[in-house]
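Coordinate inspection notes
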Amino acid sequence: MNIPLKSIESSTGDTFSPGLEGVVAAQTVLSHVDGAAGRLVLRGYQLEQLSGWSFEAVLSLLWRDLAPENLDEAGIRKRLGAAREVAFERMVAALPALDGLSQVEALRLLLSRLPDVEKESHHVVAVASTSVFAAAIARRDRGLEPVRPDASLGHAADFLRMLHGAEQRADKVRALETYLVTVADHGLNASTFATRVIASTQAGLFSSVIGGLCALKGPLHGGAPGPVLDMLDAIGTEGDVRPWLAAALDRGERLMGFGHRIYRVRDPRADALKQAVASLRDNGGRIDFAEKVEVEALALLAERKPLRPLQTNVEFYTALVLEAVGFPRESFTNVFASGRMAGWTAHVLEQDKVGRLIRPQSRYVGPMPA
Ligand code: ACO
């Protein structure tokens, strides 16, 4: 059965936008995505100005005046460290229940054990827990025991340490930190919208961010970076770059890591991550090869879709950064969630202040009773 996607004439004069494209559904002080100029602003700072910031500093910025207490970078670092330790203790007994689940499903399950009634610093708990869980889940997939957090470390450094079981090189920590900062918030993307809708019902912070995670999981949103690596692998084994990409487009497939609902020019996050990965060019020529694929893909997309500017999106270089710092591709969505948890929690805090239930309408296009 076909449900019309195009807006059809309404007798009541209401408007319908497929996919809510162009619809403004919230006002926020948190971030602004300027799709025409390729600009991302987080609370007054352009993404490029946040280069060199710690993840904790960005959390302090996003939570400012929304959380019950304003904490600076050092205060957040301390609270996050303590919250990682609590998250670890809570998690261990639940690990056997993860058998048979994908990594993102396992994260969903562990987050769902956090009680919504526990409101004290729940935004800090959500951010801390996500990285502890994501690292343990990635290790578990390889048959390894989880690694206890070290509360004295910065969040990015400890995240990598919990993944590998030992402290990692400063340039790798820096690359992961840049990644977490780069994806911290991004306007009313699908997962943030889902999060805000749930928050608006006063369901609680953990319930809200789990909704965000479920939305992030899909390949049209946060599930794309793993498939980017699959694409690079397939091109690498199946011949030349251009013929492979052309054949994929001939089959009607989408090239993973390209295109965006809002950006009509290059996604500024792609450049931030391209710079972050530049210092890690030591993994068998992968990054050089990916750059070649990017050039060919952009040229082909411009030829095939001249009316629709399709540029590199954040997921293309996400895949390269996360692979270079040692995350397995099955864990990429969980690492994305670890960064985006900053934005989701800030949006829940903001939505709580707005206090208005989000309840749009649908237009009935089915038959009327006789
Ligand atoms: N490869 C090939 N063609 C594409 C791509 C792509 N990556 N993206 C869009 N197109 C084409 C579509 O086929 C369509 O062509 P048509 O008009 O001839 O049918 C046209 O561009 C418009 O596509 P829409 O689906 O309307 O664009 P939309 O804004 O809904 O899509 C999206 C955005 C979902 C990100 C899309 O570009 C896509 O599927 N990209 C690949 C997956 C991906 O990289 N996802 C991560 C996104 S970033 C993030 O969410 C964090």
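What you see is a predicted model, and the numbers here were worked out from it, not measured in a lab.

Examining the domain arrangement of the protein
Note: interface size is frequently given as the accessible area lost on complex formation between the parts. Examined at the domain level, the protein breaks down into domain 1 (31-219 + 329-354) and domain 2 (225-324). Just the C-alpha atoms count here: the centres of domain 1 and domain 2 sit 25 Å apart. Each partner contributes residues to the interface: domain 1 has 26 residues there, and domain 2 has 29 residues. For the pair domain 1 and domain 2, the summed buried surface comes to about 2,000 Å²; carbon and sulfur atoms form 68% of the total. Interface area lost by domain 1 to domain 2 is led by Tyr-179, Arg-329 and Phe-332, which between them contribute 31%. The tally of links between domain 1 and domain 2 comes to two salt bridges. In this structure, the salt-bridge partner of Asp-233 is Arg-329, at a minimum N-O distance of 2.9 Å. Among the elements of the structure, strand E1 (31-34), strand E2 (39-42), helix H6 (170-182) and helix H14 (332-354) are those that each provide at least two residues to the side of domain 1 that touches domain 2. For the side of domain 1 that touches domain 2, the leading source of residues is H6, giving seven residues.

Side note on the site of the ligand
Looking at the ligand, there are 21 residues lining it, with Arg-254, Leu-255, Phe-258, Arg-308 and Asn-313 nearest. Between Gly-257 and the ligand, the recorded distance is 2.9 Å, taken from a backbone N or O atom to an oxygen atom. In this structure, Phe-258 approaches the ligand through a main-chain N or O atom, which is 2.8 Å from a nitrogen atom. Notes on the ligand: free accessible area 930 Å², of which the protein chains cover 76%. Broken down by class, the residue content of the shell around the ligand amounts to 11 nonpolar, five polar and five charged.

Quick notes on the pattern of salt bridges
Tallied over the entire structure, the rule returns 21 salt bridges. A salt bridge links Arg-329 to Asp-230; its shortest N-O distance comes to 2.8 Å. Placement of Arg-329 in the loop between helix H13 (314-324) and H14 and of Asp-230 in helix H9 (residues 225-237) is noted, with a sequence separation of 99 residues between them. Close ionic contact of Glu-294 with Arg-266 constitutes a salt bridge, the shortest N to O distance being 2.8 Å. Here Arg-266 lies in the loop between helix H10 (241-250) and helix H11 (268-278) and Glu-294 lies in helix H12 (residues 286-304), a separation of 28 residues in the sequence. Of the residues examined, Glu-294 reaches a relative accessible area of 3% and is grouped as buried. Residue Arg-266 is classed as partly exposed on the basis of its relative accessible area of 21%. Here the residues in one salt-bridge network are Asp-230, Asp-233, Arg-286, Glu-323 and Arg-329, joined through shared partners.

What about the side chain of Thr-312?
Looking at where Thr-312 falls in the secondary structure, it is placed in the loop between H12 and H13. Here Arg-266 takes part through its side chain, which lies 3.3 Å from a polar atom of the side chain of Thr-312. A distance of 2.7 Å separates a polar atom in the side chain of Thr-312 from a polar atom in the side chain of Glu-294. Excluding its chain neighbours within four sequence positions, the residues that come into contact with Thr-312 are Gly-257, Phe-258, Arg-266, Asp-267, Ala-270, Glu-294, Leu-298 and Tyr-317.

Thoughts on the packing of helix H2 (residues 73-92) against helix H4 (residues 122-141)
Look at H2 against H4: their axes get within 8 Å of each other, and the N-to-C directions meet at 55°. The orientation of H2 relative to H4 falls into the category oblique. Note on packing geometry: the crossing formed by H2 with H4 is right-handed. Across from Arg-79, Leu-80, Ala-83, Arg-84, Ala-87, Phe-88, Arg-90 and Met-91 in H2, the residues of H4 making contact are Val-124, Val-125, Val-127, Ala-128, Ser-129, Val-132, Phe-133 and Ala-136. Looking at the contact of H2 with H4 residue by residue, the classes come out as 12 nonpolar, one polar and three charged.

As for the sheet that holds E1
Ordered by their spatial adjacency, three strands build an open sheet running E1-E2-E3, and the pairing between neighbours is antiparallel. In the strand order of this sheet, the two ends are held by E1 and strand E3 (45-46), each with one partner. In terms of strand pairing, E1 meets E2 through four bridges, oriented antiparallel. By the bridge assignment, His-32 is partnered in E2 with Val-41.

Calculation notes
- Residues numbered from 1 in each chain as written.
- Predicted model: local features only at pLDDT ≥ 70, side-chain atom pairs only at ≥ 80, totals over all residues.
- Heavy atoms only, no water.
- Domains from an automatic or database assignment.
- Contact = heavy atoms within 4.5 Å.
- Buried area = accessible area lost by both parts, 1.4 Å probe.
- Salt bridge = Lys/Arg side-chain N within 4 Å of Asp/Glu carboxyl O.
- Helix = DSSP H or I, 4+ residues; strand = E, 2+ residues; numbered from the N terminus.
- Near = heavy atom within 4 Å.
- Polar contact = N/O pair within 3.5 Å; in protein donor to acceptor, adjacent residues only side chain to side chain.
- Areas by Shrake-Rupley, 256 points an atom, 1.4 Å probe, with all protein chains shown as cover.
- Nonpolar A, V, L, I, M, F, W, Y, C, P; charged D, E, K, R; others polar.
- Buried < 20%, exposed > 50% of the residue type's maximum accessible area, 1.4 Å probe, protein only.
- Axes fitted to C-alpha atoms, helices over the stretch in contact; angles between N-to-C directions.
- Parallel < 35°, antiparallel > 145°, perpendicular 65-115°, else oblique.
- Left-handed = near helix turned anticlockwise from the far one by under 90°.
- Pairing = 2+ DSSP bridges.

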